[in-house]
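One letter stands for each residue in the lines below.
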Amino acid sequence: MGSLKKQQWSGALLLFFAIMALYVFGVQNTVFIYDDYEQIETEKAEFSSYKLKQIFTKPHFSNVCYYRPICRLALLFEKLAFGDKAWSYRIVNATVLSFISIALYLFLLKFLPSLGCGMAFCLGLCFALHPISAQMVYIITCQEVLLFAFFAILHSYFYFNGKKLASVIFLYLAMLCRENAAALPLIILIFDVYMNRKLGLKVAFKNGLLKTRYLWLVLFLYLIQRFMIVSLVDEEMESSSLAGPVMAYLFMLQSCLFPSFSFIYEPGLESWFTFERTLPTVIVTVIALFCFLKNKYDDKLKNSMMFLLLWIFIVYLPTANLFSQQTSYANRHCMAVMPELIALLVIVFSKLFTDYKKLAVIMVIVITSVFGFISYKHKVYFKNELLFATQWLRHTPYSKHAQRLASMALIREGHFDRAIALIKESIKDGEYNETMYNNLGIAYQCKGQYDKAEPYLNSILARKPLNKDVLFNCAINDFYMKRYRVAFMRFVYISSLSSKVGNIKVDENLCNFINAAWQNISLQMTFSSF
């Protein structure tokens, strides 16, 4: 028994170093992408009581109803440690992914010891090299879903081992990483009722509520805390429909089973719902259901499959467009359930792994190699933000997020005319778009055409007079159009509102503008006195 345990943990250690080695090589020369700017690059590297208060009392984004302070806190510590080296944050993501892979490896060995350490190792590596897993490493802000998966697994482990305090702590941490964790108490309750169903549903439900009362208390406190933080956020959500959850679950299965060779980020329905990928997904799902119904499993495996099924269906619900979501089709949603899906599929096809071991080994090695090749092919898009944005826009040309990112990437690269053309094309229908109007104003400012920037910035300010980002851009416009008094008053007002505005740090750029505006006012007053 001791030698077997030693072998298992040696395999876990080898799995960790194998994953880390592959990703350390892969993340070199990568840059910040998309939300990384707002969440990392524009944040000041300081640790203070004020900063902690901001993290725990503000939503994840200013315009989205997300409350994920643990992720923001983790990114702050990483900022203090690494500064603005993008690759180092991805190493942290790879580390968390390694721990999740090890958890999958140990789970398979516990419930299917016949697999052996070698096969469990290959399956853990297969999960870690999957394009979805790779995307979670390369998109730094997806650290939220990696931390959620890690804490949720620890919560479940400690709960079933009778460690109430540890279970409650990790549940709370998981909820502060991602909203999906709010579904965990319901999963535990249903599973408890299922396990004690012989006592009668009424008694089993009552006992289950009593047993999970600590989890429900923590959930209640979390919901109050979250409501207080995000209740005032003005967010535009996608409209939901009855077909939404069905299509979202199909997207999840397809993305996990047959990932696209082309890099696709937050695809539209027309990008992922294709015959060559959707049909094989349906076929594999039907085969899995057939095996599940035909094969005989012992009680231990039946119980584990029940728990995994509950996890997959209930944890995915908040992002399955059952409730209106910003992006119902995104790989980061799939990551919340992918380890459990892989474990479930391995158990369902366990007969294949035990009766046809050589075939199973070859199959897993081939699948792992294909996943690794796709992930390696995708990493190029994280070495240049414009390349990332262009690829996203190619697959989802009507995505407002893709258009916004592409326009900002073009501006950062100095392609102002291309940015202006893209923005004008996206707003040609006359629909008001605050972000694109702001980007258009910035593009004109970068070209020195402040008179053309002014109407777009003013149109935003007319609707949202306290928008600090636009106020700052308007103040810059006033400054360069030599309206120094107006610019000075706006700069001073902005500095009183916040310690950081948009992408500009107050103690640096803003103070310089205030001083420059005041000096020009003084010069104007001096000349007017003669």
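Each residue is numbered by its place in its chain's sequence as written, counting from 1. A pLDDT threshold of at least 70 governs which residues receive local features in this predicted model, and a stricter bar of 80 or more applies before side-chain atom pairs are shown or counted, although totals over entire chains, interfaces and linings include all residues. Hydrogens and water are ignored here; the side-chain numbers use all heavy atoms of the structure.

J.: Sorry if this is basic, but what is going on with the overall build of the protein chain here?
T.: Strands are runs of DSSP state E lasting at least two residues, helices are runs of H or I lasting at least four, and both sets are numbered from the N terminus onward. Helices and strands together make up the secondary structure of the protein chain, namely 28 helices and 2 strands. For every residue, the accessible area obtained with a 1.4 Å probe (protein chains only) is divided by the maximum for its type, and the residue is called buried under 20%, exposed over 50%, and partly exposed between those limits. Across the 530 residues that make up the protein chain, the buried fraction comes to 52%. Contacts spanning at least 24 positions in sequence make up 72% of the contacts within the protein chain whose residues lie at least 6 apart. Under the convention used here, a 1.4 Å probe and the Shrake-Rupley method define accessible areas, while residue burial counts only the protein chains that appear. Counting every atom, the protein chain has about 25400 Å² of accessible surface; 66% of that belongs to carbon and sulfur. Residues are treated as being in contact if the distance between any of their heavy atoms lies within 4.5 Å.

J.: When you look at a nonpolar patch on the surface in this model, what are you seeing that I'm missing?
T.: A contiguous nonpolar surface patch, about 670 Å² in accessible area, is contributed by Leu217, Phe220, Leu221, Ile224, Phe227 and Met228. As for its placement among the helices and strands, Leu217 is situated in helix α12 (residues 213-230). A patch consists of residues whose relative accessible area exceeds 30% and which take part in no salt bridge; residues with like charges are grouped when within 9 Å of each other, and nonpolar side chains (Val, Leu, Ile, Met, Phe, Trp, Tyr) when within 5 Å. In what follows, salt bridge is the name for a side-chain nitrogen of Lys or Arg lying within 4 Å of a carboxyl oxygen of Asp or Glu.

J.: Sorry, what's going on with the packing of helix α4 (residues 69-82) against helix α5 (residues 86-111) here?
T.: The geometry of a pair of packed helices is captured by two quantities: the angle between their axes and the separation between those axes. Comment: axis = line fitted to C-alpha atoms, over the contacting stretch for helices; angle = value between 0 and 180 degrees taken between N-to-C directions. Running from amino to carboxyl end, α4 crosses α5 at an angle of 130 degrees, the nearest separation of the two axes being 10 Å. Here α4 lies oblique to α5, going by the angle between them. With respect to the hand of their crossing, α4 and α5 are arranged in right-handed fashion. Each of Leu75, Glu78, Lys79 and Phe82 in α4 lies in contact with α5, whose residues at this interface are Ser88, Tyr89 and Val92. The residue inventory of the contact of α4 with α5, partitioned by class, reads 4 nonpolar, 1 polar and 2 charged. Here roughly perpendicular refers to angles of 65 to 115 degrees, roughly parallel to angles under 35, roughly antiparallel to angles over 145, and oblique to all remaining angles. By convention, the crossing between two helices is left-handed when the near helix turns anticlockwise from the far helix through less than a right angle, and right-handed when the turn is clockwise. Under the grouping applied here, Gly and all other residues not named as nonpolar or charged are polar, the nonpolar ones being Ala, Val, Leu, Ile, Met, Phe, Trp, Tyr, Cys and Pro and the charged ones Asp, Glu, Lys and Arg.

J.: I'm lost on the nonpolar core in this one. Help?
T.: Proteins that are soluble and globular tend to have nonpolar side chains buried together. Side-chain atoms within 4.5 Å link the members of a nonpolar core, which is a set of buried Ala, Val, Leu, Ile, Met, Phe, Trp, Tyr and Cys residues. The biggest cluster of nonpolar side chains holds 149 residues, and the ones touching the most others in it are Phe148, Met252, Met335 and Phe388. Counting residues per element, this core draws most heavily on α5, which supplies 11 residues. In contact with Phe388, not counting residues within four places along its chain, are Ile33, Phe263, Tyr265, Tyr381, Phe382 and Leu405. Tyr37, Ala86, Tyr89 and Ile140 belong to the second-largest nonpolar core, a separate cluster that totals 8 residues.

J.: Is there a simple way to explain helix α15 (residues 275-294) in this structure?
T.: How far a helix is expected to stretch is found by multiplying one less than its residue total by 1.5 Å. In this model α15 runs 28 Å from its N-terminal to its C-terminal C-alpha over 20 residues, within 8% of the 28 Å that 1.5 Å per residue would give. Where α15 is concerned, the buried positions are Arg277, Thr278, Thr281, Ala288 and Cys291. An end-on view of α15 places all buried positions within 155 degrees of arc, on one side of the element. Away from its buried face, by an angle of more than 90 degrees, α15 presents the exposed residues Phe275, Glu276, Phe290, Leu293 and Lys294. This arc corresponds to the set of directions leading from the helix axis out to the C-beta atoms.

J.: What is the right way to read the pattern of salt bridges from this model?
T.: If charged atoms from side chains of opposite charge come close, those side chains can pair. Under the criterion given, the structure shown has 10 salt bridges. Notably, a salt bridge pairs Lys79 with Asp84, separated by 2.6 Å at the nearest N-O pair. Its relative accessible area of 7% is what places Lys79 among the buried residues. According to the relative accessible area criterion, Asp84 is partly exposed, its value standing at 43%. With its nearest N and O atoms 2.5 Å apart, the salt bridge here joins Asp417 to Lys447. Taken together, the residues span a long stretch of sequence, with Asp417 in helix α23 (residues 416-426) and Lys447 in the loop between α24 (434-446) and α25 (450-463) at a distance of 30 residues. Among the residues examined, Lys447 registers a relative accessible area of 35% and is labelled partly exposed. A cluster of three or more residues bridged by salt bridges with shared partners is formed by Arg68, Glu144, Arg178, Glu179 and Arg226.

J.: What is the right way to look at the packing of aromatic side chains in this model?
T.: Any two aromatic rings considered together are summarised by their centre-to-centre distance and by the angle between their planes. Two aromatic rings from Phe, Tyr or Trp, using only the six-membered ring of Trp, form a pair when their centres are within 6.5 Å; if the ring planes differ by under 30 degrees the pair is stacked, by over 60 it is edge-to-face, and anything between is tilted. Tallying each qualifying case throughout the model produces 38 aromatic pairs. Seen in terms of ring centroids, Tyr34 and Tyr265 are 6.0 Å apart; in terms of plane orientation they differ by 85 degrees. Their pairing is edge-to-face. Taken together, the positions of Tyr34 in the loop between α1 (2-26) and α2 (36-41) and Tyr265 in the loop between α13 (243-257) and α14 (269-272) put the pair 231 residues apart, joining distant regions of the chain. Ring centres of Tyr249 and Tyr316 lie 5.1 Å apart, and the angle between their planes is 50 degrees; this geometry places the pair in the tilted category. Taken together, the residues span a long stretch of sequence, with Tyr249 in helix α13 and Tyr316 in the loop between α16 (299-315) and α17 (331-335) at a distance of 67 residues.

J.: What is the right way to look at the side chain of Asn93 in this model?
T.: Examined against the element boundaries, Asn93 turns out to sit in helix α5. Asn93 sits in the buried class, given a relative accessible area of 0%. Residues within four places of Asn93 in sequence aside, it is in contact with Met136, Val137, Ile139, Ile140, Gln143 and Leu146.

J.: Would you explain the packing of α16 against helix α18 (residues 338-348) in this entry?
T.: Put simply, α16 and α18 touch, their axes get as near as 9 Å, and they point 145 degrees apart. Crossing geometry of α16 relative to α18 is assigned as left-handed. From α16, Leu301, Ser304, Met305, Leu308, Leu309, Trp311 and Ile312 reach across to α18, where they touch Glu340, Leu341, Ala343, Leu344, Ile347 and Val348. For the contact of α16 with α18, the per-class residue count stands at 11 nonpolar, 1 polar and 1 charged.

J.: Is there a simple way to explain the confidence of the model for the protein chain in this structure?
T.: If pLDDT is low for a region, its predicted coordinates should not be looked at in detail. Taken as a whole, the protein chain shows an average pLDDT of 83; of its residues, 88% reach a score of 70 or greater. The quantity called pLDDT is the predictor's confidence in a given residue, expressed from 0 to 100. Overall, residues 499-507 carries pLDDT values under 50, and its contacts beyond four positions in sequence, including any with other chains, amount to 24 contacts.

J.: Would you take a moment to explain the state of the cysteines for this structure?
T.: Defined simply, a disulfide is a covalent bond joining two cysteines at their sulfur atoms. Cysteine sulfur atoms that pair up within 2.5 Å are treated as a disulfide. Under the definition given, this model contains 0 disulfides. Distance from the sulfur of Cys126, which forms no disulfide, to the nearest cysteine sulfur (Cys122) is 9.0 Å. The structure places no disulfide on Cys142, whose sulfur is separated from the nearest cysteine sulfur, that of Cys71, by 9.1 Å.

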